[in-house]
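One-letter residues, chain by chain:
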Amino acid sequence: MAVTILAIESSCDDTSVAVVRDGHVLSNLIATQEIHMAYGGVVPELASRAHQANIVPVTHQAMHKAGIKAEDVDAVAFTRGPGLLGSLLVGSSFAKGFALAQDIPLIEVNHLQAHVMAHFILDENGKNRIPSFPFLCLLVSGGHTRIIVMKSYLEMEVIGNTIDDAAGEAFDKCGKVMGFPYPAGPLIDKMASLGDKNAFSFARPSVKGLDFSFSGLKTSFLYFLRDRIKENPDFIENNKADLCASLQNVIVSILIGKLAKASVQTGIREIGIAGGVSANSGLRIGMTEEAENRRWNLFIPEFRYTTDNAAMIGITGYYKFLRGEFSDHTVVPLARF
Ligand code: KG4
Ligand code: ZN
């Protein structure tokens, strides 16, 4: 019998609802909140209110697109955390209400685990490659930078972590200094394609083991600009593409360097990237080159499954459903998970 999961993602500023049946995505809709652009970052209270306005219509559309009715849903999966509490509350309350009304199981999902699980989404024909275990995955999102070993479905071990800022934060904060609106990552990526990646060099942190640090890079970038602007007030405007390309180059090379180290240490060559920053073209190209040199079996997610989306919550919910891992209705969202 087919298993149909309704999945809700509301951890940050995107309201997303998906319908996943037996590992295939029937629909995956995302309402992006543009209101935050003007503030240079996500404003939690505004995000929560926008989720409240979006959640019902987006769910309706996702179910309509999937061609299903409420009675066809076998379980509701939702993001329990980590994320903004006010945002998580909207998704989790809605998921509870839906599950209660339909008398079906409720499944909590860890957002970070879901980013990695996006690699196991099946395409329409079910013929796409999916990783085998053990699988080594670099998770790079707005708030997290981690190296994860996946031993089986849902069984993950973190072997590397950031000691301060995440890679996505480095993109966003450095972008803000250059005057980009939030989130700056995608804009830097676009600009970088027009610039010279070797034009400028910035301090590379030396962090032991498999951990990362990006806060020194941000400071080095800031001081570099401050000094250059003293000589030429138009320095940023005159060098934007080269600045973006050079910044992206250093971030990407730090990420790939650590992942390569992790592969050597663990002996795993089944390798992937996940999370919002895995949409970055420099990282995707760099990973492809590295994989050829090192004979990795590489997995790069489709663009639509890199940044926040409910399909990844649905695929994780599906595997939890198969294991009978359900939550009761006293479950509360967690800002840190
Ligand atoms: O995974 P995600 O959508 O949300 C979190 O769970 O945090 O990641 C968002 C992050 C932001 O920092 C954004 O700037 C970054 O992903 N990002 C990118 C690109 N697209 C999104 N960074 C660099 N290049 C991109 N193309
Ligand atoms: Zn995310």
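Described in the following lines is the structure provided in the data block.

## Quick word on the coordination of the zinc ion (ligand 2)
At 2.0 to 2.1 Å from the zinc ion (ligand 2) lie its protein donor atoms, namely His 111 (NE2), His 115 (NE2) and Asp 308 (OD). Linear spacing of the donor residues for the zinc ion (ligand 2) on their chain is H-x3-H-x192-D. With His 111 and His 115 both in helix α3 (residues 111–117), this residue pair falls four residues apart, about one helical turn. Both residues of the pair, His 111 and His 115, belong to the buried class.

## Some words on the pattern of salt bridges
Under the definition given, this model contains eleven salt bridges. Here Glu 108 ties to Arg 80 by a salt bridge, and the two come within 2.9 Å at their closest N and O atoms. Linking Glu 108 in strand β5 (residues 106–110) with Arg 80 in strand β4 (residues 75–81), this pair joins segments that are 28 residues apart in sequence. The burial state of Glu 108 is the same as that of Arg 80; both residues are buried. For Lys 240, the salt bridge goes to Glu 237, with nearest N and O atoms at 3.5 Å. Highlighted residues: Lys 240 and Glu 237, both in helix α7 (residues 235–266), separated by three residues, approximately one helical turn.

## Remarks on the site of ligand 1
As a structural note, the neighbourhood of ligand 1 is formed by 19 residues, with Gly 142, Asp 172, Asp 189, Gly 276 and Asn 280 the closest of them. Contact between ligand 1 and His 115: an oxygen atom at 3.0 Å from a side-chain N or O atom of the residue. Between Gly 276 and ligand 1, the recorded distance is 2.9 Å, taken from a backbone N or O atom to an oxygen atom. Starting from 560 Å² of accessible surface for ligand 1 in isolation, the protein chains cover 88%.

## Thoughts on the layout of surface pockets
Of the voids in this model, the largest pocket is the one considered here, and its volume is about 1500 Å³. If you trace the largest pocket, you find 50 residues lining it, with Cys 12, Gly 142, Gly 143, Asp 172 and Tyr 182 closest to the centre. In terms of residue count, the dominant contributor to the lining of the largest pocket is helix α4 (residues 167–177) (six residues). Tallied by class, residues from the lining of the largest pocket come to 20 nonpolar, 19 polar and eleven charged. Of the voids in this model, the second largest pocket is the one considered here, and its volume is about 390 Å³. Forming the boundary of the second largest pocket are 20 residues, of which Ile 121, Asp 123, Asn 128, Glu 302 and Tyr 305 lie nearest the centre. A total of five residues in the lining of the second largest pocket trace back to one element, the largest contributor, which is strand β3 (residues 24–32). Of the residues belonging to the lining of the second largest pocket, the class tally is nine nonpolar, five polar and six charged.

What counts and how
- Note that residues are indexed from 1 along each chain, following the sequence as it is written.
- Here every chain gets a letter starting at A, and every ligand a number starting at 1, in the order they are written.
- Selection of residues for local features in this predicted model requires a pLDDT of at least 70, selection of side-chain atom pairs for listing and counting requires 80 or more, and totals for whole chains, interfaces and linings are taken over all residues.
- With hydrogens and water set aside, each side-chain value is computed from the structure's full complement of heavy atoms.
- Distances decide who is a donor: an N, O or S atom must be within 2.8 Å of the metal, or within 3.2 Å for Na, K and Ca. Water is not included, so sites may look incomplete.
- Numbering of helices and strands runs from the N terminus; a helix is a DSSP stretch of H or I covering at least four residues, while a strand is a stretch of E covering at least two.
- Exposure categories follow from relative accessible area, calculated using a 1.4 Å probe and restricted to protein chains: below 20% of the type maximum is buried, above 50% is exposed, and the middle band is partly exposed.
- Put simply, a salt bridge is a Lys or Arg side-chain nitrogen that is within 4 Å of an Asp or Glu carboxyl oxygen.
- Throughout this document, a residue counts as near a molecule or strand when at least one of its heavy atoms sits within 4 Å of that molecule or strand.
- Polar contact is the term for a pair of N or O atoms within 3.5 Å; when the atoms are in protein, one must be able to donate a hydrogen and the other to accept it, and sequence-neighboring residues count only if both atoms are side-chain atoms.
- Here the open area of atoms and residues is found with the Shrake-Rupley method and a 1.4 Å probe, where only the protein chains shown may cover a residue.
- Put simply, the grid is 1 Å and covers the protein atoms alone, a cavity is a trapped set of points that fit a 1.4 Å probe, a pocket is an open set with protein on both sides within 12 Å along at least five of seven lines, and lining residues have an atom within 4 Å of a point.
- Grid points are joined across faces, edges and corners, and a volume is the space filled by probe spheres set on the points.
- Throughout this entry, Asp, Glu, Lys and Arg are counted as charged residues, while Ala, Val, Leu, Ile, Met, Phe, Trp, Tyr, Cys and Pro are counted as nonpolar. The remaining residues, Gly among them, count as polar.

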